[in-house]
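Structural overview for review
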Amino acid sequence: MQKLNFPEYEFSIRNVAKKTQIFDQTRKRYYVLTPEEWVRQHLVEYLVHELGFPRSLLEIEKSLTLNKMHKRADLLVRDKSGNPILLAECKAPDVKVTQKTFDQAGRYNMVFRVPYLLITNGVQHFCAQIDFNRNSYKFLREIPSYEEL
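Description of the structure in this document.

1. Thoughts on the environment of Gly82
If you trace the backbone, Gly82 turns up in the loop between strand S5 (69-78) and strand S6 (84-90). Note on Gly82: relative accessible area 31%, which makes it partly exposed. When the C-alpha positions of Gly82 and Val48 are compared, they lie 17 Å apart, and in sequence the two are 34 residues distant.

Take a look at the structure:
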């Protein structure tokens, strides 16, 4: 897998029936190791180990219904009261982060209404703070720690 713009983490990787799988520490099971899953696993470990996000408050592939269609957000983070506070969308490293990617996250946020959106392809990371009262947003220089949220 491609080297990403995250610290290196040790993952449990295995091959089963000609498919490479990676163990997800949060969901406690193996998943097919796709380029997007590689990014997601790095993002989760970064949030937990570097930024102090409690693993117990992370929801991976959180289901949502948007315009009667079932979708899944890559990662939803909750505060200690259970309220959603950050939504992350992950793309494969070879996928450019474009307006279409931000639009997807924005549509998902119509459901979750989180104050922080994070988009990454593992190489580039974009984090925005949403101000619902002013109907605006601002990009942040870095991903905030859990305590800063």
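2. What to know about the nonpolar core
Burial of nonpolar side chains together is a common tendency in soluble globular proteins. In this structure, Leu43, Phe53, Leu75 and Val77 are the most contacted members of the largest nonpolar core, which totals 28 residues. Those elements giving two or more residues to this core turn out to be helix H1 (35-49), strand S4 (58-66), S5, S6 and strand S7 (116-120). For this core, the element with the highest residue contribution is H1, accounting for six residues. When sequence neighbours within four positions are dropped, the list of residues in contact with Leu43 reads Phe6, Leu75, Ala88, Cys90, Leu118 and Thr120. Within the second largest apolar cluster, 14 residues are counted, among which are Leu64, Leu76, Ala105 and Ala128.

3. Overview of unusual backbone geometry
A positive phi angle, near 50°, is found at Ala17, a position not held by glycine. Considering the arrangement of structural elements, one finds Ala17 in the loop between strand S1 (13-16) and strand S2 (19-24). A relative accessible area of 71% means that Ala17 is categorised as exposed. Positive phi, normally seen in glycine, also occurs at Glu61, with a value near 55°. Residue placement: Glu61 occurs in strand S4.

4. Quick word on the sheet that holds strand S3 (residues 29-32)
Strand order in the open sheet formed by three strands is S1-S2-S3, and the pairing between neighbours is antiparallel. Either end of the sheet is taken by a strand with one partner, and the two such strands are S1 and S3. Pairwise comparison of adjacent strand axes, ignoring direction, gives a mean angle of 40° for this sheet. In this sheet, S3 lies alongside S2 in antiparallel orientation, the contact comprising four bridges.

5. As for the layout of surface pockets
Of the voids in this model, the largest pocket is the one considered here, and its volume is about 420 Å³. Phe102, Gly106, Leu117, Ile130 and Tyr137 are, among the 18 residues lining the largest pocket, the residues nearest its centre. Put simply, the parts of the chain that give the lining of the largest pocket at least two residues each are helix H2 (99-112), S7, strand S8 (125-131) and strand S9 (136-139). By residue number, the principal contributor to the lining of the largest pocket is H2, which donates seven residues. Here the lining of the largest pocket is composed, by residue class, of 10 nonpolar, five polar and three charged. In this structure, the second largest pocket spans a volume of roughly 150 Å³. Lining the second largest pocket are Tyr46, His125, Phe126, Cys127, Phe139, Leu140, Arg141, Glu142 and Ile143. Broken down by element, the residue count for the lining of the second largest pocket peaks at three residues, all from S8. Here the lining of the second largest pocket is composed, by residue class, of six nonpolar, one polar and two charged.

What counts, and where the lines are drawn
- Residues numbered from 1 in each chain as written.
- Predicted model: local features only at pLDDT ≥ 70, side-chain atom pairs only at ≥ 80, totals over all residues.
- Heavy atoms only, no water.
- Helix = DSSP H or I, 4+ residues; strand = E, 2+ residues; numbered from the N terminus.
- Buried < 20%, exposed > 50% of the residue type's maximum accessible area, 1.4 Å probe, protein only.
- Core = buried A, V, L, I, M, F, W, Y, C linked by side-chain atoms within 4.5 Å.
- Contact = heavy atoms within 4.5 Å.
- Pairing = 2+ DSSP bridges.
- Axes fitted to C-alpha atoms, helices over the stretch in contact; angles between N-to-C directions.
- 1 Å grid on protein atoms, 1.4 Å probe; cavity = no way out; pocket = protein on both sides within 12 Å on 5 of 7 lines; lining within 4 Å.
- Points joined across faces, edges and corners; volume = space filled by probe spheres on them.
- Nonpolar A, V, L, I, M, F, W, Y, C, P; charged D, E, K, R; others polar.

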